[in-house]
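Spelled out, the chains give:
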Amino acid sequence: MGLGSKWFSLDTPATPERIRMACLDEFTSPFVKQMESEGVSLPLIHEHPMKPWNDLRKGDCCQRFVSQSDGYYCKTCDFFLHKECGELTEFIIDHPAHPDHTLRLQGIRGHVCDICERKIKNLCYRCCDGCDFDMDLHCAKYPPPDVIDNFETHSHKLTLVKKNTVFDCSAKCGKAYGLSYKCEECDVAFPVECVWHPEASELNYSPEVNHSYHSLHPLKFLTGEPPEYSDGKCRLYGTEIGKLFYHCSSCNFTVGFHCVLNPPQKSLVDPKVHDHQLTLLPRLDSFTCNACGLKGDRSPYACFDCGFMIHQDCLGLPRVININRHDHRVSRTSVLGDAAMNSVCGVCRKKVDWTYGGFSCKRCPGYVVHSKCATRKDVWNGKELEGIPEEEEDIEPYVVIDENTIQHFSHKEHYLRRIHGNGVWYEENKRCSACIHLIGLQSFYGCVDCDFYLHHKCAECPKMKRHVLHNDRLTLVTNEELEVFNCLVCDRASSGFMYKDGNRKLDVLCGSVSEPFFHPSHPHHPLYYIPTEEEEICNGCNRREHHMLRCIEGDCGFVLGFKCATLPQVVKHIVDDHPLSLCYGQEEEASGKYWCDICEKETNPKEWFYTCKNQQASLHTMCVLGDCTGLMPRSVAKLWGKPTEVMLNNSVTRPFCIWCMSRCMYPIKLKLLGTSGTYACSLECAFYFIIILIELDSSLPLSFDLPNAGALVHVYTVLVTHGGVEMGQGLHTKVAQVAASAFSIPLNSVFVSETSTDKVIDFLRTERTITVKQCITSVVTHISPSFVLFAIKDAIKAARAEVGLGRKWFPLVTPATPERIRIACFDEFTSPFVSLDFCPKLSV
């Protein structure tokens, strides 16, 4: 393939950077780039192969418009790269703006270019010698000239100072440090951006240009803020023009640099858009786009034969697509027609104008979607399906054997027989394998040969479906291995069936939600998912949620989170012999107080609760269900890397929770395998115990000598010693406060002795901070392990009460590595007991 003939001069040092430039940048090899017909691989700039592409858009590489629109495009990431930017080398030596050091191409966001002061969004050149010098790709391609002798506001020659200096800007722009141009005769200085612009260098700094869309007058080059009488937008594209633009003051005609370099086509013929020729009208004029039905205010493409008008950005609307709210493909049409006269949009639920264009389903008469709604990023996956045949796939979950017998795809080895609910609890210990809820009053399917059950509704869940919260189709996975996962929508832990696509997992309850959604709490109107940017307060639990089902009728304002929308309507609990029904709260504030019979705490009558047959009780939904309601009883789940048995909490004597020290009150309890009687009442308590006490200190026993039931243990006095030095407000006082809070005793019961290193282990003499493992190990040698448990528990509880603890953790099946422990346990809150380093630590 040959090697370039140009080398460095003989006296040039052969640094690694120069060797790399000489060997790699002089030629193209199959190891560096693929052939352009097969796609271009530029690993320094983008991770995916890219195809040759011609585009008028701003480059994602340098965030500029250029005169040559050739480049490369990654469809996966919607990343467009200018060809000139792709040809830049990894290293730049002797750049005029930073000649003393080598610059290296790096992926950095948030920094600011030291030359043009633009924010860097993707790539830049950074000084290899730690000068904190950054330069974007456009300034790298078009370096500032060494000398400028035609600056309009200064008559003398200006010379570039090739390093950051302190100066007083003679243009009174306020900048006083950075790269500058200096006049040797007048001893004045100007920042580079006041004198020179990279865009101007590419355009040869033309003070005037003749534009094809404004032949009456030449356009003048202006910098800074646009005139007050203008709208600050490009006449042709409607985009913000920035601080460099061309303008005609006589006609109030303004265009940005990209319009000067790459003006839109004057006319075009595209049968996919319109049957006749379309011509651009470069004027400010209100119109309605025939493709999307929305208003426009400037420069449409128009048909003079039939009056058709269209936004410029609607020219590229796809023809055939899938949207996440409909199981069939939808196709674009120029006129929806009278069949859609009384239809509403399938996304925003607003009425459509049938005289304009949009998307419609050929299989479902009357199903239409606005063009802009159908192509939203949270509705469409970006794939054009025109010309791709639609594959018919079997999504039916079962085969009908006879009137009461089916063969479900999740249990092919046996038939399932339908059992009709008769208002009486049937086999109350049996649970649905899909949603894990009890088999109750409603009809269900049961295996005739083994212990396998499905609710009638769960049995009808299709094998594949589209969901409003995911743009690609989800597949129903039976989860035969009882994998514990967190639902993407409601964050519930579950080991039942899941709707899955890649790493996105929805439990079968949230995954089966479709539009319109009917809920008995709001019987008169259906609910729809219409995404918004802000969180709203759920009418069921009175908590703020992001994903909401809402009523669209008038000013109703009813919204419901997915977790409340999928709560079971009827449940069975040991607290009552009769089924408990979900009550949707009191419309008005009750005169008396309500108390939960399970936790014996006050309830909010406006929040949903469960009540018994005679409605004499109001029970918290959490108290009735717990956070383990999605885990299959009599199974072994792997929680944070530890095998844990899921057990029904229905015995006469309820065990104590190893963490909260309360009797387990929820329907499900967790037992850590390999221990002697170690139970957790909830996933939250199991998390604290497994992560904090076991993962951080494997030497601790897994069962503690806790006080017997009914016994009271009082700590009257605690003696604390430390190896620190008295300073500031008093180290003794701070240590005493920590000890009093940790052991939940009065401050006057804590005594701090003088520093005496013979009473503590050696590492306390030199470090004020010790790891959790060291702290627990040292304290265990002096006092009962149960007190250690209380100390750590109370410290974390105090922190939670002070600032709140995030409810989302990493997945239950994730191994508890030190980094993940740190993220899960300590990054969620701030506590005086916690200081952060590479791993969690407790402050002494």
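In this convention, every chain numbers its residues from 1, walking through the sequence in written order. Per-residue local features are limited, in this predicted model, to residues with pLDDT of at least 70; the limit for side-chain atom pairs, both in listing and counting, is 80 or more; totals at the level of whole chains, interfaces and linings are taken over all residues. The side-chain values count all of the structure's non-hydrogen atoms but skip hydrogen atoms and water molecules.

Participant: Provide a residue-level description of the overall build of the protein chain, including the pertinent values.
Facilitator: Runs of E in the DSSP output that reach at least two residues are strands. Runs of H or I that reach at least four are helices, and both are numbered from the N terminus. A tally of regular secondary structure across the protein chain gives 16 helices and 56 strands. Counting over 844 residues, the protein chain shows a buried share of 46%. Contacts are residue-level and defined by heavy atoms, with any inter-residue pair within 4.5 Å sufficient. Contacts in the protein chain between residues far apart in sequence, at least 24 positions, make up 49% of those at least 6 positions apart. Note that accessible areas follow from Shrake-Rupley with a 1.4 Å probe, and for residues the cover is restricted to the protein chains shown. If you sum the accessible surface of the protein chain, you get close to 44200 Å²; carbon and sulfur atoms cover 50% of it. Exposure is judged per residue with a 1.4 Å probe applied to protein chains only, and the accessible area is read against the type maximum: over 50% gives exposed, under 20% gives buried, and values in between give partly exposed.

Participant: So, the pattern of salt bridges: which residues are in play, and what are the values?
Facilitator: For salt bridges, the criterion is a side-chain nitrogen of Lys or Arg within 4 Å of an Asp or Glu carboxyl oxygen. On inspection of all chains with the given rule, the structure shows 19 salt bridges. Among the ionic pairs, D231 bridges to R298, the shortest N-O distance being 2.4 Å. Placement of the pair is D231 in the loop between β13 (214-223) and β14 (244-248) and R298 in strand β19 (residues 295-298), with a sequence separation of 67 residues. When its relative accessible area of 9% is taken as the criterion, R298 is described as buried. Among the charged side chains, a salt-bridge network with shared partners connects R126, D132 and D134.

Participant: Before we move on, could you go through the state of the cysteines and cite the residues and values that matter?
Facilitator: Note that a disulfide, as used here, is simply two cysteine sulfur atoms within 2.5 Å. Taken as a whole, this structure holds zero disulfides when the rule is applied. Here C450 is not cross-linked by a disulfide; its sulfur's nearest cysteine counterpart is in C447, at 3.3 Å.

Participant: Which residues make up the sheet that holds strand β32 (residues 470-477), and what values go with them?
Facilitator: Two strands are counted as paired when DSSP detects at least two bridges linking them. Reading across from one edge, β31-β32-β35-β36 is the order of the four strands in this open sheet, with antiparallel pairing throughout. Each edge of the open sheet is held by one strand with a lone partner, namely β31 (464-467) and β36 (504-507). For this sheet, the mean inter-axis angle between neighbouring strands, taken without regard to orientation, is 35°. Note: β32 against strand β35 (residues 498-501), three bridges, orientation antiparallel. Residue L476 lies in a different strand from β35, and its bridge partner there is Y499. Between N-to-C directions, angles span 0 to 180 degrees; the directions come from axes that are lines fitted to C-alpha atoms, helices contributing only their stretch in contact.

Participant: Break down the nonpolar core for me, with residues and values.
Facilitator: Nonpolar core, defined: a set of buried Ala, Val, Leu, Ile, Met, Phe, Trp, Tyr and Cys residues in which side-chain atoms within 4.5 Å join the residues together. By size, the foremost hydrophobic cluster in this structure holds 59 residues, and its most contacted members are V508, F562 and Y610. Of all hydrophobic cores here, the second largest spans 35 residues; its members include Y72, F79, I92 and A97.

Participant: Which residues make up the pairing of strand β5 (residues 103-107), and what values go with them?
Facilitator: Looking at chain direction, strand β4 (residues 91-92) and β5 are connected through two bridges and run antiparallel. Paired with F91 across the strands is R104, a residue of β5. Of the pairings in the sheet, the one linking β5 to strand β6 (residues 123-127) comprises five bridges and is antiparallel in character. The residue bridging L103 from the neighbouring strand is C127, located in β6.

Participant: So, the environment of D114: which residues are in play, and what are the values?
Facilitator: Looking at the element boundaries, D114 is found in the loop between β5 and β6. Leaving out residues up to four positions away in the same chain, D114 has contacts with D132, F133, D134 and L179. For this analysis, a polar contact is any N or O atom pair within 3.5 Å, provided that within protein one partner can donate a hydrogen and the other can accept it, and provided that sequence-adjacent residues contribute only side-chain to side-chain pairs. Side-chain polar atoms of D114 contact the backbone nitrogen of D134, separated by 2.7 Å.

Participant: Now, about a nonpolar patch on the surface: what can you tell me, with residues and values included?
Facilitator: The grouping of V399, I401, Y415 and V448 at the surface amounts to a nonpolar patch, some 340 Å² of accessible area in total. Relative to the assigned elements, V399 resides in strand β26 (residues 398-402). Patch construction takes residues with relative accessible area above 30% that form no salt bridge. Like charges are linked within 9 Å, and nonpolar side chains (Val, Leu, Ile, Met, Phe, Trp, Tyr) are linked within 5 Å.

Participant: Report on the pairing of strand β40 (residues 548-551), specifying residues and quantitative values.
Facilitator: What you see with β40 is no split at all: M548 and R550 on one side and L549 and C551 on the other are buried throughout. As paired elements, β40 and strand β41 (residues 559-561) share three bridges and run antiparallel to each other. Following the sheet pairing, M548 is matched in β41 by G561.

Participant: A description of the sheet that holds strand β30 (residues 453-455) should follow, citing residues and the corresponding values.
Facilitator: The sheet built from five strands is open, its strands ordered β26-β27-β28-β29-β30 with antiparallel pairing. Taken across any chain shown, the strands that pair with only one partner, and hence form the sheet edges, are β26 and β30. Direction aside, the axes of adjacent strands within the sheet are offset by 30° on average. Looking at chain direction, strand β27 (residues 405-408) and strand β28 (residues 416-419) are connected through two bridges and run antiparallel. Of the residues in β28, the one forming a bridge with I406 is L416.

Participant: I'd love a proper account of the side chain of H211, names of residues and values included.
Facilitator: Of note, H211 is situated in strand β12 (residues 208-211). We classify H211 as buried; its relative accessible area is 7%. Within the structure, H211 has its side chain in polar contact with the backbone nitrogen of Y213 (distance 3.1 Å). Dropping the residues within four chain positions of it, H211 is found in contact with L219, L236, V255, C259, V260 and P263.

Participant: Just give me the short version of the environment of H578, but keep the residues and values in it.
Facilitator: Residue placement: H578 occurs in the loop between β42 (570-571) and β43 (580-583). Residues H578 and N614, spaced 36 residues apart in sequence, show a C-alpha to C-alpha distance of 9.7 Å. Look past the residues within four positions of H578 in its chain and what remains in contact with it is K572 and K613.

Participant: An account of unusual backbone geometry is requested, with residue identities and associated values reported.
Facilitator: In terms of backbone geometry, most residues other than glycine have negative phi values and most peptide bonds are trans. The peptide bond linking E515 to P516 adopts the cis configuration, its omega dihedral lying at -10°. The backbone phi angle of S299 is positive, close to 40°, even though this residue is not glycine. With respect to the helices, strands and loops of the structure, S299 is situated in the loop between β19 and β20 (301-302).

Participant: Help me get a handle on the packing of aromatic side chains, residues and values and all.
Facilitator: Here is the rule: rings of Phe, Tyr and Trp (six-membered ring for Trp) pair when centre to centre is within 6.5 Å. Planes less than 30 degrees apart are stacked, more than 60 are edge-to-face, and the remainder are tilted. Across all of its chains, the model carries six aromatic pairs by this definition. For the ring pair F221 and Y246, a centre distance of 5.5 Å and an interplane angle of 55° mean the geometry is tilted. Here Y246 lies in strand β14 and F221 lies in strand β13, a separation of 25 residues in the sequence. Residue classification places Y246 among the buried positions, given a relative accessible area of 1%. Measuring from ring centre to ring centre gives 5.0 Å for Y584 and W608, while their planes differ by 65°; the resulting arrangement is edge-to-face. One end of the pair, Y584, is in the loop between β43 and β44 (594-595); the other, W608, is in the loop between β45 (602-603) and β46 (609-611), and 24 residues separate them in sequence. According to the relative accessible area criterion, Y584 is partly exposed, its value standing at 27%. For the cation-ring pair, K463 lies above F409, with the distance from its terminal atom to the ring centre recorded as 5.7 Å. The criterion is that NZ of a Lys, or CZ of an Arg, lies within 6 Å of the ring centre and within 35 degrees of the ring normal, and then a charge sits over that ring.

Participant: Break down the confidence of the model for the protein chain for me, with residues and values.
Facilitator: Predictor confidence is given residue by residue as pLDDT, running from a minimum of 0 to a maximum of 100. Of the residues in the protein chain, 72% reach a pLDDT of 70 or more, and the chain-wide mean stands at 75. For the stretch residues 20-37, pLDDT sits under 50, and the model shows 33 contacts to residues farther than four places along the chain or on other chains. Low pLDDT (under 50) marks residues 695-717, which in the prediction has 41 contacts with non-local residues, meaning those over four places away or in another chain.

Participant: Can you explain the environment of L476? Please cite residues and give values.
Facilitator: Along the chain, L476 turns up in strand β32. With a relative accessible area of 6%, L476 lands in the buried category. Taking C-alpha positions, L476 is 8.1 Å from C461, a pair spaced 15 residues apart along the chain.

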